[in-house]
Amino acid sequence: MRRLAAGNWKMNGTAADLAEVAALTAAHPAPGCEMLLCPPATLIDRMARAAHGTALRIGGQDCHARATGAHTGDVSAPMLAEAGASYVILGHSERRADHGETDAQVCAKAEAAWASGLVAVVCVGETEAERDAGQALAVVGRQVEGSVPEGATAENIVIAYEPVWAIGTGRTPTLHEIAEVHRFLRAELVSRFGAAAKGIRLLYGGSVKPSNAAEIFATPEVNGALVGGASLKAADFGAIVAAL
Ligand code: PEP
């Protein structure tokens, strides 16, 4: 399986930050591993040009379910693809919280992504209250069921398990808790899509940094990471890529 380190710049980054890309493309993931950066939409085109011919892949942070239309402020999957993206993050917890995105909407966006040849990185994860109530597996099970369209394969989808309480907080689940959720997600995917779903990459996300990346990557059923804050600087993200 091609392990993947994916960086989500969120609403950070202007042209000056493209210097980080130059530094990052000097880093080489181990054979069979991939690195991906998802900058704000305004930087995709320039970042894709800067990364051309290197091992760095570029992605969007969201797309609309429709290709064109009266949707002020939105970006469509064909637009991302034309700008140089090959992946798109969908259903990030910040979009679910800030924009009220539902599983059904995320599912429709994933289908739109596929129609434009993009790999969908679908995010799921429980809140702290849900974990405390013993609901973590039920919540992520429901999200993955509702957000992942029929036809998911190892080539067109990546699932990111991101506990909401671990994002940007410096707190992470125990390795045992991460393994428990990832094993559960793998079983859900295999029961729905068959044995080929053993090849779908499962990323962990939430306060991944150079100091904890190696142990997280060594955890069963963890096939990479979705990284927020630590993806902004090439030195940090390069160290995470090196730990893949
Ligand atoms: C994220 O938002 O996807 C994320 C994992 O953020 P951080 O790494 O900063 O916790």
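- An unreviewed UniProt entry annotates the protein chain as Triosephosphate isomerase originating from Gemmobacter lutimaris.
- Per UniProt, the comment on the protein chain under Sequence similarities (unreviewed entry) is "Belongs to the triosephosphate isomerase family."
- UniProt, in its Subunit (unreviewed entry) section for the protein chain, records the words "Homodimer."

### What about the UniProt feature "binding site: substrate" (unreviewed entry) in the protein chain?
Working step 1: Per the UniProt record, the feature "binding site: substrate" (unreviewed entry) sits at N8, W9, K10, G168, S207, G228 and G229. A maximum C-alpha distance of 14.2 Å places the annotated residues, which cover 222 residues in sequence, within one compact spot.
Working step 2: Here S207 shows up in the loop between β7 (201–205) and α9 (210–217).
Working step 3: Excluding residues within four positions of it along the chain, S207 makes contact with A166, T169, G170, R171 and T172.
Working step 4: Note on placement: G228 falls in the loop between β8 (224–227) and α10 (234–242).
Working step 5: Not counting residues up to four positions away in its chain, the partners in contact with G228 are N8, K10, I167 and G168.

### What about the environment of H92?
Working step 1: If you trace the backbone, H92 turns up in the loop between β4 (87–90) and α4 (93–98).
Working step 2: Separated by 30 residues in the primary sequence, H92 and V122 have C-alpha atoms spaced 7.3 Å apart.
Working step 3: Not counting chain neighbours up to four residues away, the residues in contact with H92 comprise Q61 and C123.

### Quick notes on the site of the ligand
Working step 1: Neighbouring the ligand are 13 residues, the closest being I167, G168, G205, G228 and G229.
Working step 2: Considering only residue class, the shell around the ligand consists of five nonpolar, seven polar and one charged.

### Some thoughts on the sheet that holds strand β6 (residues 157–161)
Working step 1: Read around the closed barrel, the eight strands follow the order β1-β2-β3-β4-β5-β6-β7-β8; overall the barrel is parallel. Across the sheet, the mean angle separating the axes of adjacent strands is 25° when strand polarity is ignored.
Working step 2: One ladder, built from three bridges, connects strand β2 (residues 34–38) with strand β3 (residues 56–60); its direction is parallel. Along β3, the bridge assignment pairs M35 with L56.

Rules and cut-offs
- The residue numbering used here restarts from 1 in each chain and proceeds along that chain's sequence as written.
- Only residues with pLDDT of at least 70 are given local features in this predicted model, and only at 80 or more are side-chain atom pairs given and counted; all residues enter the totals for whole chains, interfaces and linings.
- UniProt positions are given in the numbering used here, feature names are shortened, and annotations may be inferred rather than shown by experiment.
- Secondary structure elements are defined from DSSP: runs of H or I of at least 4 residues count as helices, runs of E of at least 2 residues count as strands, and each element is numbered from the N terminus.
- We call two residues in contact if the C-beta atoms placed from their backbones are at most 7 Å apart.
- Only the C-beta atom matters for nearness: placed from the backbone, it must lie within 6 Å of the molecule or strand for the residue to count as near.
- Residue classes follow a fixed rule: Ala, Val, Leu, Ile, Met, Phe, Trp, Tyr, Cys and Pro count as nonpolar, while Asp, Glu, Lys and Arg count as charged, and any other residue, Gly among them, counts as polar.
- Two strands qualify as a pair provided that DSSP identifies no fewer than 2 bridges between them.
- Only the contacting stretch of a helix is used when fitting its axis, a line to C-alpha atoms as for every element, and angles between N-to-C directions run 0 to 180 degrees.

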